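Chain and residue survey
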Amino acid sequence: MLCGSAYFTMEEINPANISIDKISVPLFVKKEVEVAVLRLDKIHPQVSGNKWFKLRYYLEDAKKENKKTILTFGGAWSNHILATAAACRIHQLECIGIIRGEKPAELSDTLLQARESGMKLFFVSREDYPHQTIPQQFHQEDYYLIREGGYGMKGATGAATILDHCNKEEYTHICCAVGTGTMMAGLIRGAAQSNAIIGISVLKNNLDLEGNIKLLLGDQPADPTIIHDYHFGGYAKYKPGLIEFMNEYYSQTNIPSDFVYTGKLFFAVNDLVENNYFQPGSRLLIVHSGGLQGNNSLKKGTLIF
Ligand SMILES: *Cc1c(COP(=O)(O)O)cnc(C)c1O
């Protein structure tokens, strides 16, 4: 049993669990598009999906620099916060989470689990949080800083290794959900010649994204294709239609998704296929980037999985 237990060993983070699931629903058959899903969600229930890939070189670097403590930022339901907490436990590092917003009367499921894994939680107001300044009391500590969402070069370098888990040459398109853009930058770096990387932004009007991704690509020329039309109202916002879609998708494919990232991604791919965005004969790989724990913020019974 992994769920609910705070104690993990290295072996329990298991990239060998990653599978590639082919999906052949009537829509894809009709449009003559082949679709497969790279199941990064199966690596670990807490250090799930792209977070393990994004964290790996930061943690390696922290150890190299002999740091004992990781400090990072995130919201109350952040996949990054929980993944960092669990990964630090596994790597026997201390960790501090600077959390957006005043401390609530009741901690979210995510924060409870993070705390159980040993993360020290520190809450800052929504006004102060966006500057990602380090609270006074940590100034003396010798911590290793990881930015919110793991944004940065080392995160992208880690994400570039995601495509080692498939035969990337087989695909014409690789589709992913985009938050900070770190994973997408990594996928662009790790891509084969034949791969067009398509990102679905889950934030509303995040126009800095293209620039932020280019920053992570350094000298590599790139013109990232990001589609901004599937945010459903903004980050962590949703509409009944999205939930219905996620339930339907699960019934048809047995693949669970989350309402912040992968639900919007799968919805977008279906909609793009429906609207002939992909030529017949295209072979798509959708990256399932994990993050299912965030669904715990929904009322019980909202999702059928
Ligand atoms: C964090 C996260 C993303 C976004 O990754 P970025 O590198 O920040 O763009 C996508 N999907 C899931 C499930 C995530 O948890």
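Structure: above.
Anyway, here's the lowdown on the structure attached to this text. (Residues numbered from 1 in each chain as written. Predicted model: local features only at pLDDT ≥ 70, side-chain atom pairs only at ≥ 80, totals over all residues. Heavy atoms only, no water.)

Moving on, we come to the environment of Ser282. Mapped onto the elements, Ser282 comes out in the loop between helix H9 (262-274) and strand S10 (283-288). Here the alpha-carbon distance between Ser282 and Gln136, two residues 146 residues apart in the chain, equals 53 Å. If near-sequence neighbours (up to four positions away) are discounted, Ser282 is found in contact with Glu32, Val33, Glu34, Thr172 and His173. Engagement of the side chain of Ser282 in a polar contact is seen with the backbone oxygen of Gln279, the distance being 2.6 Å. (Helix = DSSP H or I, 4+ residues; strand = E, 2+ residues; numbered from the N terminus. Contact = heavy atoms within 4.5 Å. Polar contact = N/O pair within 3.5 Å; in protein donor to acceptor, adjacent residues only side chain to side chain.)

As a further point, take the site of the ligand. Near the ligand there are 14 residues, and of these Lys51, Lys54, Gly179, Thr180 and Ser289 occur at the shortest range. Here Lys54 contributes a side-chain N or O atom positioned 2.8 Å from an oxygen atom of the ligand. The backbone of Gly179 places a nitrogen or oxygen atom 2.7 Å from an oxygen atom of the ligand. For the shell around the ligand, the element with the highest residue contribution is helix H2 (residues 50-64), accounting for three residues. For the shell around the ligand, the residue count by class is three nonpolar, nine polar and two charged. Per-domain counts for the shell around the ligand show at least three residues from each of domain 1 (10-45 + 153-297) and domain 2 (50-150). (Near = heavy atom within 4 Å. Nonpolar A, V, L, I, M, F, W, Y, C, P; charged D, E, K, R; others polar. Domains from an automatic or database assignment.)

Positionally, Asn79 belongs in helix H3 (residues 79-90). Taking the relative accessible area as the measure of exposure, Asn79 reaches 13% and is therefore buried. Beyond its immediate sequence surroundings of up to four residues, Asn79 is in contact with Lys51, Tyr261, Gly291, Gln293 and Gly294. (Buried < 20%, exposed > 50% of the residue type's maximum accessible area, 1.4 Å probe, protein only.)

A few words now on the pairing of strand S7 (residues 173-178). Along S7, six of the six residues are buried, which leaves the element largely enclosed by surrounding structure. Burial along S7 is two-sided: His173, Cys175 and Ala177 facing one way and Ile174, Cys176 and Val178 facing the other are all buried. Both S7 and strand S8 (residues 196-201) contribute to a ladder of six bridges, which runs parallel. The residue of S8 that forms the bridge with Val178 is Ser201. Note that the unit made of S7, helix H6 (residues 182-190) and S8 has a crossover that is right-handed. One ladder, built from three bridges, connects S7 with S10; its direction is parallel. Within S10, the residue paired with His173 across the bridge is Leu284. (Pairing = 2+ DSSP bridges. Right-handed = clockwise from strand over helix to strand, strands pointing away.)

As a packed pair, H2 and H3 sit with axes 10 Å apart at the nearest point and diverge in direction by 50 degrees. Taken as axis vectors, H2 and H3 run oblique relative to one another. Relative to H3, H2 is oriented so that their crossing is right-handed. Together, Lys51, Leu55 and Leu59 of H2 and Asn79, His80, Ala83, Thr84, Ala87 and Cys88 of H3 make up the contact between the two elements. (Axes fitted to C-alpha atoms, helices over the stretch in contact; angles between N-to-C directions. Parallel < 35°, antiparallel > 145°, perpendicular 65-115°, else oblique. Left-handed = near helix turned anticlockwise from the far one by under 90°.)

This part covers the packing of aromatic side chains. One pass over the structure, following the stated rule, counts 12 aromatic pairs. On the numbers, 6.0 Å between centres and 70 degrees between planes, the contact of Tyr235 with Tyr261 is edge-to-face. Note that Tyr235 is positioned in the loop between strand S9 (225-227) and helix H8 (240-253) and Tyr261 in the loop between H8 and H9, a separation of 26 residues in sequence. The class for Tyr235 is partly exposed, based on a relative accessible area of 38%. Positioned over the ring face of Tyr261 is Lys51, at 5.6 Å from the centre of the ring. (Phe/Tyr/Trp six-rings, centres within 6.5 Å; stacked < 30°, edge-to-face > 60°. Lys NZ or Arg CZ within 6 Å of the ring centre and 35° of its normal.)

Moving on: the sheet that holds strand S5 (residues 119-124). An order of S5-S4-S3-S6 is seen for the four strands of this open sheet, with the pairing classed as parallel. For this open sheet the edge positions go to S5 and strand S6 (143-146), each flanked by a neighbour on one side alone. Sheet twist, expressed as the average angle between the axes of neighbouring strands with direction ignored, equals 25 degrees. Pairing of strand S3 (residues 69-74) with strand S4 (residues 94-100), which is carried by six bridges, proceeds in the parallel orientation. In the sheet register, Phe73 faces S4, and the bridge partner there is Ile98. Docked against the sheet, H2 engages S3 and S6, running at close to 160 degrees with respect to S6. Against the sheet, H3 contacts S3, S4, S5 and S6, and its axis sits at roughly 165 degrees relative to S3.

Counting along an α-helix, one turn takes 3.6 residues, and residues three or four places apart therefore face a common direction. Taking 1.5 Å of rise per residue, 15 residues should cover 21 Å, and H2 covers 23 Å from first to last C-alpha, within 8% of that figure. Of all bends in H2, the biggest is about 35 degrees, found at Arg56. Taken together, the buried positions of H2 are Asn50, Lys51, Trp52, Phe53, Lys54, Leu55, Tyr58, Leu59, Asp61 and Ala62. Its buried side turned inward, H2 meets S3, H3, S6, helix H5 (153-159) and H6. Just downstream of H2, Asn66 is the residue with a positive phi angle, here 60 degrees. (Expected span 1.5 Å × (residues − 1). Bend = angle between axes of the 7 residues up to and from the residue.)

Geometry only, nothing functional implied.
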